[in-house]
Amino acid sequence: RTLTWVSRNECSNEFHSSDNGCLVNAYGLNGFGREAIELFEKISRQQRDAVSYICVLNACSHSGLVNEARSIFDQILLKTEQIVTVMVRSFVNLDP
């Protein structure tokens, strides 16, 4: 499998959830939290998995988007230990 750069405008629901999760994670790690959320929202609810939720919550954390993280967290039906841990770390790591 080769890696190909895909711009945000070229992303579509045709990507697998794991591909989108990687892109969401990349946006988040580079401080583009809002873009990460936009891409996450393009993933159908049926394709969202624990990895995609963890990636978007991390993106929110890196960008200080606490309210957005809380909103996304509230939408998660099955909250795994990893998802809860990421959410807790998001709040713990905030500067007062």
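For the structure, see preceding data.
Computed from a prediction, not measured in an experiment: that's the story for all the values here.

**Student:** Honestly, the pattern of salt bridges in this entry has me stumped. Any pointers?
**Tutor:** The tally for this structure, following the rule as stated, stands at one salt bridge. The residue Glu-68 makes a salt bridge to Arg-34 at a minimum N-O spacing of 2.8 Å. One end of the pair, Glu-68, is in helix α4 (residues 66-75); the other, Arg-34, is in helix α2 (residues 33-42), with 34 residues separating them in the sequence.

**Student:** In this structure, what is going on with the packing of helix α3 (residues 50-63) against helix α5 (residues 81-92)? I would like to understand it.
**Tutor:** A pair of packed helices can be characterised by two numbers: the angle between their axes and the separation between those axes. With their axes 9 Å apart at the nearest point, α3 and α5 run at an angle of 0° to one another. One way to sum up the angle between α3 and α5 is to call them roughly parallel. Taken together, the residues of α5 that come into contact with α3 (itself represented by Ala-50, Tyr-53, Ile-54, Leu-57, Asn-58 and Ser-61) are Gln-82, Ile-83, Val-86, Met-87 and Ser-90.

Analysis parameters
Residues numbered from 1 in each chain as written. Predicted model: local features only at pLDDT ≥ 70, side-chain atom pairs only at ≥ 80, totals over all residues. Heavy atoms only, no water. Salt bridge = Lys/Arg side-chain N within 4 Å of Asp/Glu carboxyl O. Helix = DSSP H or I, 4+ residues; strand = E, 2+ residues; numbered from the N terminus. Axes fitted to C-alpha atoms, helices over the stretch in contact; angles between N-to-C directions. Parallel < 35°, antiparallel > 145°, perpendicular 65-115°, else oblique. Contact = heavy atoms within 4.5 Å.

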